[in-house]
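Breakdown of the fold
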2 protein chains.
Amino acid sequence: MKPLVKTQRERMLKSSALRYHWNKSIPMDMIQTASSDISWSHMGARASDAVIAKLMADAINIPGILSLAAGFTDNAVLPAQLIEEAVSELTHNVSSREFLQYGTNIGRQGLREQALQLLKSNPGEESSQLTVDDVFISNGSQQALYLAAQVLCNEGDIVLVEEPTYFVFLELLKGMNLCPISIPLNSDNRIDFKTLTELVHFLQARGEWNRVKMIYLIGYYSNPSSRSLSYDEKKQLGLFLQKLDRKIPVIEDAAYRSLYFDSMYNVPSLLGMPEWESYPVLYTGTFTKPFSTGLKVGYSICNSQPWLQRMLRVKGHQDFGTSNFSQAIVERVLESDRYQAHLEKIRAHYKRKMLLLDAALREGGVDKNGWSWDVPEGGLYLWLKGPDHVDTSMDSDFCKAALDEKILYVPGDLCISGNKKKNYVRLSFGALDESQLTEAGLRFAKIAVRFS
Amino acid sequence: MKPLVKTQRERMLKSSALRYHWNKSIPMDMIQTASSDISWSHMGARASDAVIAKLMADAINIPGILSLAAGFTDNAVLPAQLIEEAVSELTHNVSSREFLQYGTNIGRQGLREQALQLLKSNPGEESSQLTVDDVFISNGSQQALYLAAQVLCNEGDIVLVEEPTYFVFLELLKGMNLCPISIPLNSDNRIDFKTLTELVHFLQARGEWNRVKMIYLIGYYSNPSSRSLSYDEKKQLGLFLQKLDRKIPVIEDAAYRSLYFDSMYNVPSLLGMPEWESYPVLYTGTFTKPFSTGLKVGYSICNSQPWLQRMLRVKGHQDFGTSNFSQAIVERVLESDRYQAHLEKIRAHYKRKMLLLDAALREGGVDKNGWSWDVPEGGLYLWLKGPDHVDTSMDSDFCKAALDEKILYVPGDLCISGNKKKNYVRLSFGALDESQLTEAGLRFAKIAVRFS
């Protein structure tokens, strides 16, 4: 091997892009409990922290606790009346009871058409050539992420993600024994293509490049960081990927796209950009966050039929179709202007709540003690960066102190591949009501200031 | 190796128990379409016939076709009014809108309690020590079957099934590259323990025994055969398994248990039998068939916490909880006597429909032309055995003739591991209304008589 390459590799080893655990094999904890002599599969044998399940259960089960953790929406603006109306209309005005019967594996035609129209209603995406055949319905967008990984990745494969990224997605990867590597960002919080190029070369030199099977991006108001991908970032990434030796399918998670505060984020999805033409993209949307999490209806739009058909086959084995009833309700609401009216209402609502939490944190002095955050333009989260020495992780004193104060948050390291950075926190302003939100913000501030 | 063993193995090779494809590796069709240069996972690369999806889509999309194929329930008795009432009660009488919010991964506490009570309401199961912690909710019982296989089986492993068995389960196994082997039956259609013992010895001698990871049984009114497991069969199987060198977790599918016609099938589930104590059992029930398929709510009861916890972890990655709204509706209906009243109504309804289809087949002369079937005591299916020379499989002339006559049925070979027997047919009397059912029965009879 030429010295140049060797030097380059050595430099790479030290570069920040590679502090993430590109070569870290995820541990397989073979929990063979004494009470069980069952032989588990690889998947069954892997332990998972089940963080999401714990946080959701804590939020529901611990009395008096104020949760800034769970990504719940606000019960107060859940569309109970719209749903009751829709059910009543379905029951009385529709001659058939088909909405209580099995639907199809791919999902309701009408709902898929509506989902496509939602996509095409965005500036720059009106002329999309995608059709209803490119759309399928899933159990929340979560199931689509799972199906995508199932048909693309074998155990031990690599998935490129953002830093930070959706922590439930990182858990999903862990459960499948997949290895996340963060796409390097520059100091402006945008993709650093120079370092990304080096990362690709490094993986190629190590013979690991062929293990990279999928890329996961959050296009709009990221959970957790509320960051959106810029037009230029998307364009450059498309050009970058088109130049590589093979295609690596990309997921664009758009769960929060319609939850902007003041105005739509004016960047088309990857599906609508010429630089991404004929490059395989799965766009995952959902009616959970903007409408009702309890209905668990997500939709996906995929420009690769081979990819989509494979995901559908696996879905056929997992459940052969998402609740037809839930789908029929959403479809019914979407057919009128009630859906958009609902969105307008909740956008204003969540903006107000975001401002309340932001104000409580500032009132408590968080920003004056070495913490910083961007004020988001949409979504449900504040992403706080603490002083470098602060450790907010699950077993930290910080976290224990928060539980003592009866508040929950999401430790930021859960959202960072390799859990390398401990000084971040995700706070959700979705679930709590306005007075609780201020109280929770002040309680969090107390902890943050004490540990700064 | 001793001659005795060799002789025994040679005999085994010829025995009927082993005509099923114990050593048949499921083909991996690497569909690499020209238009796609995506690198698929093993799972993504495997082709699946997606039979269930095709049958469901055909039933919905081909005008004028009468489907005796899809395991749909009858729209006419779907509980539209009960569901509308429940939604209205939830909306108006409950102070919180939590039913439209995320629930927990394991499912609603109240619904899980009700599911447990349903189990304990069966004779012989009243004193069960199982608790609500042993119950979880899934997207139909189908998801529970998928999760069970995921945590127990690696690619290439073996699953013991009945002959015939639920064909969607066989598809699920195919999608995971698992190998089904049928448990041998004697001439009375009961488990043949002598041949089963030989099968175990044979697999042991071949070094394949350790690949057997799961057993799938249908306890009540099997889909497709409408057969139920007898008390003696269950008892003997428990004793048999307890004597083996290791435990092989067992699924008892009870999807149709409450859909009896005249009286409850008076045999407890495996969970209620002393011979099965401390043997890992997953009992899968559902509210789809007896209540509404469109709600997609199933429940599972598992006497092994290590097994249950692993399935829940994977569910956490797949969707972190089944539709809380669908669950809340079922829970609400179960809290009153409306659920049992509904069941009584549909039991009489499906019995009447079964008798209609049975009568149409006899009127058309099916039974006089070498076909036979047991008149079921519950469930939604007639399982017809045709003359040995008849081939009803998907690409057969028989099947084409049926499509020409505009009727759909499920070719029996889809329900038989290895697809070895072609002369069976599953007819469902669930979906069609009474006049259609008679017409479809007569149309089928025409084909059956012509090909006999």
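Quick look at the structure, then.

What counts and how
- Residues numbered from 1 in each chain as written.
- Chains lettered and ligands numbered in written order.
- Predicted model: local features only at pLDDT ≥ 70, side-chain atom pairs only at ≥ 80, totals over all residues.
- Heavy atoms only, no water.
- Helix = DSSP H or I, 4+ residues; strand = E, 2+ residues; numbered from the N terminus.
- Buried < 20%, exposed > 50% of the residue type's maximum accessible area, 1.4 Å probe, protein only.
- Contact = heavy atoms within 4.5 Å.
- Areas by Shrake-Rupley, 256 points an atom, 1.4 Å probe, with all protein chains shown as cover.
- Polar contact = N/O pair within 3.5 Å; in protein donor to acceptor, adjacent residues only side chain to side chain.
- Salt bridge = Lys/Arg side-chain N within 4 Å of Asp/Glu carboxyl O.
- Least-squares fit on C-alpha atoms with pLDDT ≥ 70 in both.
- Buried area = accessible area lost by both parts, 1.4 Å probe.
- Nonpolar A, V, L, I, M, F, W, Y, C, P; charged D, E, K, R; others polar.
- Pairing = 2+ DSSP bridges.
- Axes fitted to C-alpha atoms, helices over the stretch in contact; angles between N-to-C directions.
- Phe/Tyr/Trp six-rings, centres within 6.5 Å; stacked < 30°, edge-to-face > 60°.
- Lys NZ or Arg CZ within 6 Å of the ring centre and 35° of its normal.
- Right-handed = clockwise from strand over helix to strand, strands pointing away.
- Parallel < 35°, antiparallel > 145°, perpendicular 65-115°, else oblique.
- Arc of directions from axis to C-beta.
- Core = buried A, V, L, I, M, F, W, Y, C linked by side-chain atoms within 4.5 Å.
- Left-handed = near helix turned anticlockwise from the far one by under 90°.
- Disulfide = S-S within 2.5 Å.

Observations concerning the overall build of chain A
If you tally the helices and strands in chain A, you get 14 helices and 12 strands. Looking at chain A as a whole, 65% of its 452 residues are labelled buried. Restricting the contact set of chain A to residue pairs at least 6 apart, pairs at least 24 apart contribute 76%. As presented, chain A carries roughly 16,100 Å² of accessible surface, and 50% of it is formed by carbon and sulfur atoms.

Some thoughts on the environment of Tyr381 of chain A
All names here are of chain A. Structurally, the position occupied by Tyr381 is in strand 9 (residues 381-385). Separated by 160 residues in sequence, Tyr381 and Tyr221 place their C-alpha atoms 8.4 Å apart. Discounting residues that sit within four places of it in the chain, Tyr381 has contacts with Gly71, Ser222, Asn223, Pro224, Ser226, Tyr256, Lys289, Pro376, Arg426, Leu427, Ser428 and Phe429. Looking at Tyr381, its side chain comes within polar contact range of the side chain of Tyr256, at 2.6 Å.

Some details on the pattern of salt bridges
Pairs may arise between side chains of opposite charge once their charged atoms sit close together. Residues and elements named next belong to chain A. This model, assessed by the stated rule, comprises 52 salt bridges over all chains. For Arg46, the salt bridge goes to Glu155, with nearest N and O atoms at 3.2 Å. Of this pair, Arg46 sits in the loop between helix 2 (42-45) and helix 3 (51-61) while Glu155 is found in the loop between helix 6 (140-152) and strand 3 (158-161), placing the two residues 109 residues apart along the sequence. Residue Arg46 is classed as buried on the basis of its relative accessible area, which comes to 5%.

Things to note about the relation of the copies chain A and chain B
Once turned by 180° and shifted 0.0 Å along the axis, chain A lies on chain B with an RMSD of 0.0 Å. Both copies of the chain, as the preceding transformation shows, are related through a two-fold rotation axis. Interface overlap between copies is the fraction of interface residues in one copy that are interface residues in the other; for chain A against chain B it reaches 100%, indicating a shared surface.

Here's the deal with the interface of chain A and chain B
Taken together, the contact between chain A and chain B spans 89 residues of the former and 89 residues of the latter. Taken as a group, Leu100, Tyr102 and His317 of chain A account for 11% of the area that chain A buries against chain B, more than any other trio of residues on that side. At the boundary of chain A with chain B, the tally comes to 0 salt bridges. Taken together, the links from chain A to chain B amount to 50 residue pairs in polar contact (both at pLDDT 80 or more). Sorting the residues of the side of chain A that touches chain B by element identifies helix 2, helix 3, helix 4 (80-93), helix 6, helix 7 (167-175), helix 10 (305-318) and helix 11 (324-335) of chain A as the ones contributing at least two each. Examining the composition of the side of chain A that touches chain B, we find that 8 residues originate from one element, helix 10 of chain A, more than from any other. Among the residues forming the side of chain A that touches chain B, the class breakdown is 38 nonpolar, 37 polar and 14 charged.

Some details on the sheet that holds strand 9 (residues 381-385) of chain B
Residues and elements named next belong to chain B. Reading across from one edge, 9-12-11 is the order of the 3 strands in this open sheet, with antiparallel pairing throughout. Each end of this open sheet is capped by a strand with a single partner; those strands are strand 9 and strand 11 (410-411). Pairing between strand 9 and strand 12 (residues 424-428): 5 bridges, direction antiparallel. When the bridges of strand 12 are listed, Leu382 appears paired with Leu427. Helix-sheet contacts for helix 12 (residues 338-363) involve strand 9 and strand 12, and the interaxial angle to strand 9 is about 25°.

Things to note about the sheet that holds strand 7 (residues 281-286) of chain B
All names here are of chain B. What the 7 strands build is an open sheet, ordered 2-8-7-6-5-3-4; its pairing is mixed. The outermost strands of the open sheet, each flanked by one partner alone, are strand 2 (135-139) and strand 4 (179-182). The average undirected angle you get between the axes of adjacent strands in this sheet is 25°. Two strands pair when backbone bridges link them, and strand 7 and strand 8 (residues 297-302) are joined in this way by 5 bridges, in the antiparallel orientation. Opposite Thr286, over in strand 8, you have Gly298 as the bridge partner. The strands touched by helix 7 (residues 167-175) within the sheet are strand 3 (158-161), strand 4 and strand 5 (212-218), with strand 3 carrying the most contacts at an inclination of about 175°.

Looking at the packing of aromatic side chains
Across all of its chains, the model carries 41 aromatic pairs over all chains by this definition. Ring pairing ties together the aromatic residues Trp371, Phe398, Tyr409, Phe444 and Phe451 of chain A, which thus form one cluster. The ring of Trp40 of chain A has Arg310 of chain B sitting right over it, with the charged end atom 4.0 Å from the ring centre. We note Arg347 of chain B situated over the ring of Tyr260 of chain B; from NZ or CZ to the ring centre the distance is 3.9 Å.

Description of the environment of Ser128 of chain A
Residues and elements named next belong to chain A. Looking at the secondary structure, you find Ser128 in the loop between helix 5 (109-120) and strand 2 (135-139). In this structure, the C-alpha to C-alpha distance between Ser128 and Leu271, residues 143 residues apart in sequence, is 7.9 Å. Within the local environment of Ser128, its side chain forms a polar contact with the backbone nitrogen of Leu130, the two atoms lying 3.1 Å apart.

Remarks on the pairing of strand 5 of chain B
Residues and elements named next belong to chain B. Counting buried positions along strand 5 gives 7 out of 7 residues, so the element sits mostly inside the fold. The sheet contact formed by strand 5 and strand 6 (residues 250-253) spans 4 bridges and is parallel. Residue pairing across strands places Ile218 opposite Asp253, the latter belonging to strand 6. Regarding topology, helix 9 (residues 231-242) serves as the crossover connection from strand 5 to the parallel strand 6, and that connection is right-handed.

Some remarks on the packing of helix 10 of chain A against helix 6 (residues 140-152) of chain B
The interhelical angle for the contact between helix 10 of chain A and helix 6 of chain B, taken along N-to-C directions, is 105°, at an axis separation of 7 Å. As summarised for this structure, helix 10 of chain A and helix 6 of chain B are arranged roughly perpendicular, according to the angle between their axes. Here Val314, Gly316, His317 and Gln318 of chain A of helix 10 of chain A lie close against helix 6 of chain B, whose contacting residues are Gln142, Gln143 and Tyr146 of chain B. Tallied by class, residues from the contact of helix 10 of chain A with helix 6 of chain B come to 2 nonpolar, 5 polar and no charged.

Things to note about helix 13 (residues 397-404) of chain B
Residue and element names in this part refer to chain B. Where helix 13 is concerned, the buried positions are Phe398, Cys399, Ala401 and Ala402. Buried residues of helix 13, viewed axially, fall in a sector of 160°; they line one side. Facing away from the buried side of helix 13 by more than 90 degrees, the exposed set consists of Asp397 and Asp404. The elements touched by buried residues of helix 13 are strand 10 (407-408) and helix 14 (434-451). One or two steps after helix 13, the chain reaches Lys406, where phi turns positive at roughly 60°.

Remarks on the nonpolar core
Within the largest apolar cluster, 203 residues are counted, with the highest numbers of intra-cluster contacts made by Phe287 and Phe444 of chain A together with Phe287 and Phe444 of chain B. Beyond its immediate sequence surroundings of up to four residues, Phe444 of chain A is in contact with Leu68, Leu361, Trp371, Leu384, Phe398, Ile407, Tyr409, Val425 and Leu427 of chain A.

Overview of the packing of helix 5 (residues 109-120) of chain B against helix 11 (residues 324-335) of chain B
All names here are of chain B. Following both chains from N to C, one finds helix 5 and helix 11 inclined at 50°, their axes separated by 9 Å at the closest point. One way to sum up the angle between helix 5 and helix 11 is to call them oblique. In the packing of helix 5 onto helix 11, the handedness of the crossing is left-handed. Contact residues: helix 5 offers Gly110, Leu111, Gln114 and Leu118, while helix 11 offers Gln327, Val330, Glu331, Leu334 and Glu335. Its residues assigned to classes, the contact of helix 5 with helix 11 shows 4 nonpolar, 3 polar and 2 charged.

Things to note about the state of the cysteines
Taken as a whole, this structure holds 0 disulfides over all chains when the rule is applied. The cysteine Cys415 of chain A is free of any disulfide, with Cys399 of chain A supplying the nearest cysteine sulfur at 13 Å.

As for the pairing of strand 8 of chain B
On a regular strand, each side chain points to the face opposite its neighbour's, so the side chains alternate between the two faces of the sheet. Residues and elements named next belong to chain B. Buried residues dominate strand 8, accounting for 6 of its 6 residues. Of the two faces of strand 8, the one lined by Val297, Tyr299 and Ile301 and the one lined by Gly298, Ser300 and Cys302 are each fully buried. Note that strand 2 and strand 8 share 5 bridges and pair antiparallel. Counterpart to Ile137 in the pairing with strand 8 is Tyr299.

Nothing here speaks to function; it is geometry throughout.
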